[in-house]
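Commentary on secondary and tertiary structure
The residues making up each chain are set out below.
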Amino acid sequence: MKVVFLLVLGVFAIPSWGGAGLAHEADAYGEAFERIVAHVRLWPGLAPHETKAEAGRFAYDNRVKVWRRHDVTAPELVILKPQTVKHDTMVVLMPGGGYNSNHMGVIRANALPVLESGRWVAVLHYRIPRREGRPIYAAPREDAARAIRWLRGHAADYGFSPEKIGSLGFSAGGHLSAISATSSQDGLYDRVDELDDL
């Protein structure tokens, strides 16, 4: 009788998903691309009020010479690590784009200075374009609330404080950042899991 032992080695990491490796992601992120350590899908299954889950696409806008992300129905956080961690702080960058696209120019310009200061960065790719029949910011606001809760719940995995999460937004992202800061405990969607208790 033969006894066979099977050794299974697993690599455990923070969840990533299919949003990783979108065509032109390196172009859209520029130098910050090398600092990406994870792509995190915010909602298990479909996001609230959605009928599909798609990561979207990056496209170059020749008119204003900038990369944009379009058609996101499955929002995500893209986590970037500083070369040297000096602070236990996470900064969520919220791109603008009139709630119709994610304008990557401001992300390229602002992610590296924050990273160089020794802080973590998470880029929120919220749902776009605007949803018919809802306020223009409703879906992105749900995504921002879920993103903050996800970051609080996973702060120890990265080494930042769940109490030291800030946001920096641009244009529509600035609006989203402001309404998120002033209404972070509002019940914007039905509870999905334990993260929504944070």
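Higher on the page you've got the structure.
Residues numbered from 1 in each chain as written. Predicted model: local features only at pLDDT ≥ 70, side-chain atom pairs only at ≥ 80, totals over all residues. Heavy atoms only, no water.

With respect to the packing of aromatic side chains
Short version of the rule: In summary, the pairing rule links any two rings of Phe, Tyr or Trp, Trp by its six-membered ring, whose centres are within 6.5 Å, and it sorts them by plane angle into stacked for under 30 degrees, edge-to-face for over 60 and tilted for everything else. Only protein chains enter the accessibility calculation, which uses a 1.4 Å probe; a residue is then buried when its area is under 20% of its type maximum, exposed when over 50%, and partly exposed in between.
On inspection of all chains with the given rule, the structure shows six aromatic pairs. Seen from their ring centres, Y158 and F160 are 6.3 Å apart, and the 25° between their planes marks the pair as stacked. As far as burial versus exposure is concerned, Y158 and F160 are alike and both buried. Taken together, the aromatic side chains of W120, W150, Y158 and F160 make up a single cluster linked through ring pairs.

Overview of the sheet that holds strand β3 (residues 66–70)
Within a beta sheet, neighbouring strands are joined by backbone hydrogen bonds and run either parallel or antiparallel to one another. The following threshold applies: Two strands make a pair as long as DSSP finds a minimum of two bridges between them. Only DSSP runs of H or I reaching four residues or more are called helices, and only runs of E reaching two or more are called strands; each is numbered from the N terminus.
In space, the three strands of this open sheet follow the order β2-β3-β6, with antiparallel pairing throughout. Looking along the sheet, the strands with just one partner apiece sit at the ends: β2 (57–61) and β6 (102–103). Pairing geometry for β3 and β6, over two bridges, is antiparallel. Among the inter-strand pairings, R69 is bridged to a residue of β6, identified as N102.

A few points about the nonpolar core
Under the convention used in this document: Buried Ala, Val, Leu, Ile, Met, Phe, Trp, Tyr and Cys residues that are joined via side-chain atoms within 4.5 Å together make up what is termed a nonpolar core. Whether two residues touch is decided by their heavy atoms; if any such pair falls within 4.5 Å, the residues are in contact.
Residues L77, I79, L124, L151, Y158 and L176 are the most contacted members of the largest nonpolar core, which totals 31 residues. With eight residues, helix α3 (residues 138–158) is the largest single contributor of residues to this core. Not counting residues up to four positions away in its chain, the partners in contact with L176 are M94, Y99, L124, Y126, P140, R141 and A144. Counting residues in hydrophobic clusters, the runner-up holds 21 residues, among them L22, A28, A111 and L115.

Details of α3
To keep it simple, the criterion reads: Given a helix with a known number of residues, its expected span is that number minus one, times 1.5 Å. Fitting axes to the seven residues that end at a residue and to the seven that start at it, the angle between those axes gives the bend at that residue.
Helix length check: α3 (21 residues) gives 29 Å between terminal C-alpha atoms against 30 Å at 1.5 Å per residue, within 8%. A maximum bend of about 40° is found in α3 at R152. With 17 of 21 residues buried, α3 is to be regarded as a mostly interior element. At the C-terminal side of α3, G159 shows a positive phi close to 95°.

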